[in-house]
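Structural characterization, general
Below, each chain spelled out in residue letters.
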Amino acid sequence: MEIRHLRSFLAVAEHLHFGRAAEEIHLSQPALSVQIRALEEMIGAPLFVRNRRRTTLTPAGELLREDARDILARLEVACLRAQRGDRGQVGIIRIGVISTAAALLLPTVLLQFRKLYPEVVFDLENILTAKQIGHLQDRRLDIGFVRMPIVADGIELIPIHSEPFILVLPANHRLAKKSQNILLKDLNGEDMVMYTRNKAPSFRDQIAGMLARADSKPEIVQEAGEMYTLISLVASGLGFSILPKSVDHYRISGVVLRPLPSRLPKSQIALAIHRENDSPLVAAFVELAKTIHGRLNRRA
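Residues numbered from 1 in each chain as written. Predicted model: local features only at pLDDT ≥ 70, side-chain atom pairs only at ≥ 80, totals over all residues. Heavy atoms only, no water.

Right, let's get into the side chain of Arg-204. Relative to the elements of secondary structure, Arg-204 occurs in helix H8 (residues 201–213). Sequence-distant contacts of Arg-204, defined by excluding residues within four places in its chain, comprise Met-194, Tyr-195, Thr-196, Arg-197, Ile-220 and Glu-223. (Helix = DSSP H or I, 4+ residues; strand = E, 2+ residues; numbered from the N terminus. Contact = heavy atoms within 4.5 Å.)

This next bit is on helix H9 (residues 227–235). An α-helical turn contains 3.6 residues, so any two residues separated by three or four positions project in the same direction. Along H9, the positions that sit buried rather than exposed are Met-227, Leu-230, Ile-231, Leu-233 and Val-234. Seen from one end, H9 has its buried residues packed into an arc of 160°, which puts them on one side. One or two residues past the end of H9 sits Gly-237, with phi positive at roughly 90°. (Buried < 20%, exposed > 50% of the residue type's maximum accessible area, 1.4 Å probe, protein only. Arc of directions from axis to C-beta.)

Following both chains from N to C, one finds helix H1 (residues 3–15) and helix H3 (residues 29–43) inclined at 110°, their axes separated by 9 Å at the closest point. When the axis of H1 is compared with that of H3, the two are roughly perpendicular. On H3, the residues touching Arg-4, His-5, Ser-8, Phe-9 and Val-12 of H1 are Leu-32, Gln-35, Ile-36, Ala-38, Leu-39 and Met-42. A breakdown of the residues in the contact of H1 with H3 according to their chemical character gives seven nonpolar, three polar and one charged. (Axes fitted to C-alpha atoms, helices over the stretch in contact; angles between N-to-C directions. Parallel < 35°, antiparallel > 145°, perpendicular 65-115°, else oblique. Nonpolar A, V, L, I, M, F, W, Y, C, P; charged D, E, K, R; others polar.)

Moving on, we come to the pattern of salt bridges. Here the structure, examined in full by the defined rule, presents 14 salt bridges. Two residues, Arg-50 and Glu-40, come together in a salt bridge whose shortest N-O distance is 3.8 Å. Here Arg-50 is found in strand S1 (residues 48–50), whereas its partner Glu-40 is found in helix H3, with 10 residues between them in sequence. Across the salt bridge formed by Glu-190 and Arg-174, the nearest N and O atoms sit 2.7 Å from each other. Of this pair, Glu-190 sits in the loop between strand S7 (165–170) and strand S8 (191–195) while Arg-174 sits in the loop between S7 and S8, and the two are 16 residues apart along the sequence. (Salt bridge = Lys/Arg side-chain N within 4 Å of Asp/Glu carboxyl O.)

What follows concerns the environment of His-274. Mapping His-274 onto the fold places it in strand S12 (residues 267–274). His-274 sits in the buried class, given a relative accessible area of 13%. Put simply, His-274 and Val-49 are 225 residues apart on the chain and 62 Å apart in space, counted from C-alpha to C-alpha. When residues no more than four places from it in sequence are discounted, the contact partners of His-274 are Leu-136, Gln-137, Arg-139, Gly-154 and Ile-155.

The next subject is the packing of aromatic side chains. This model, assessed by the stated rule, comprises nine aromatic pairs. Seen in terms of ring centroids, Phe-122 and Phe-285 are 6.0 Å apart; in terms of plane orientation they differ by 65°. Their pairing is edge-to-face. Highlighted residues: Phe-122 in strand S4 (residues 119–126) and Phe-285 in helix H10 (residues 280–293), separated in sequence by 163 residues. Using a relative accessible area of 0% as the deciding quantity, one classes Phe-285 as buried. (Phe/Tyr/Trp six-rings, centres within 6.5 Å; stacked < 30°, edge-to-face > 60°.)

Residues Met-1, Met-42 and Ile-43 make up a contiguous nonpolar surface patch of roughly 290 Å² in combined accessible area. Structurally, Met-1 is set in the segment before H1. Among the residues examined, Met-1 registers a relative accessible area of 58% and is labelled exposed. (Patch = residues over 30% accessible without salt bridge, like charges linked within 9 Å, V, L, I, M, F, W, Y side chains within 5 Å. Areas by Shrake-Rupley, 256 points an atom, 1.4 Å probe, with all protein chains shown as cover.)

On to the environment of Leu-27. With respect to the helices and strands, Leu-27 occurs in the loop between helix H2 (18–24) and H3. Look at Leu-27 and you get partly exposed, because its relative accessible area is 28%. Along the primary structure Leu-27 and Phe-285 are separated by 258 residues, whereas in three dimensions their C-alpha atoms are 44 Å apart. Not counting residues up to four positions away in its chain, the partners in contact with Leu-27 are Ser-8, Ala-22, Leu-32 and Gln-35.

Taken together, the five strands give an open sheet; going across it, the order is S4-S3-S5-S12-S6, and neighbouring strands pair in mixed fashion. The open sheet is flanked by S4 and strand S6 (155–163), the only strands paired with a single partner. Direction aside, neighbouring strands of the sheet carry axes that sit 20° apart on average. With four bridges joining them, strand S5 (residues 143–147) and S12 adopt antiparallel strand pairing. Within S12, the residue paired with Phe-145 across the bridge is Leu-271. With respect to the sheet, H10 is in contact with strand S3 (90–97), S4, S5, S6 and S12, its orientation differing from that of S3 by roughly 55°. (Pairing = 2+ DSSP bridges.)

Rendered as structure tokens:
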């Protein structure tokens, strides 16, 4: 049995007139009659009672009419879903996200994307940058929100957010009394809590490079792999830290935030995708994120 048989049958069943049905589906009346007879042979039961005055449905035809309507409606829905899937409107997106991006960048994109593509499901995982890269390379993630800089084989990076670094100080630190004009060289010899290198090596090296260029050599007394933990260590009085400005949303008591010179490098968050990921769903998400958060130069 073919779909055309059901379409032909349903046209006759709705009109109860072979001539009008043939006109509706753009077939000759003899060709339509041939299809109906073929369908009746396949089913093994007559579907219509035909005479010169009128055409009526048999009991078998009545039952088939309801099922045919349902089958063709479900087929139409399936085709529409497949078309939306091809356009990136249906499916699952597996997203890895660092904590600051989860708070600042992701919610707005998710909200807008759901309005455009309500049938899309998001599988979200809060995960550090280094692990995200491995998951993207293994194709266990589709998209990552990662902290730059990064060098990773097979991964394309699209920067979407840039922010300055700030100085995070214990409230009782001697530099906390200064509201501005604090230089990196002022931190020479001070106790510092630092991001663990194996969690985000390039990010750690960026901060270390800024200090080295300023000929500032603080004493690293503790390392941690999450920014919230670093801020908590600062609040305990263990030492200062240098972090992206977006950490100010943590609002931990016992901590003072101070600006650093504007000429210093910025911290960037990027979207990361596998270069061979050709999913239209992923492409649509990336384009929306770039539109919402401002498109920076595409680079890897």
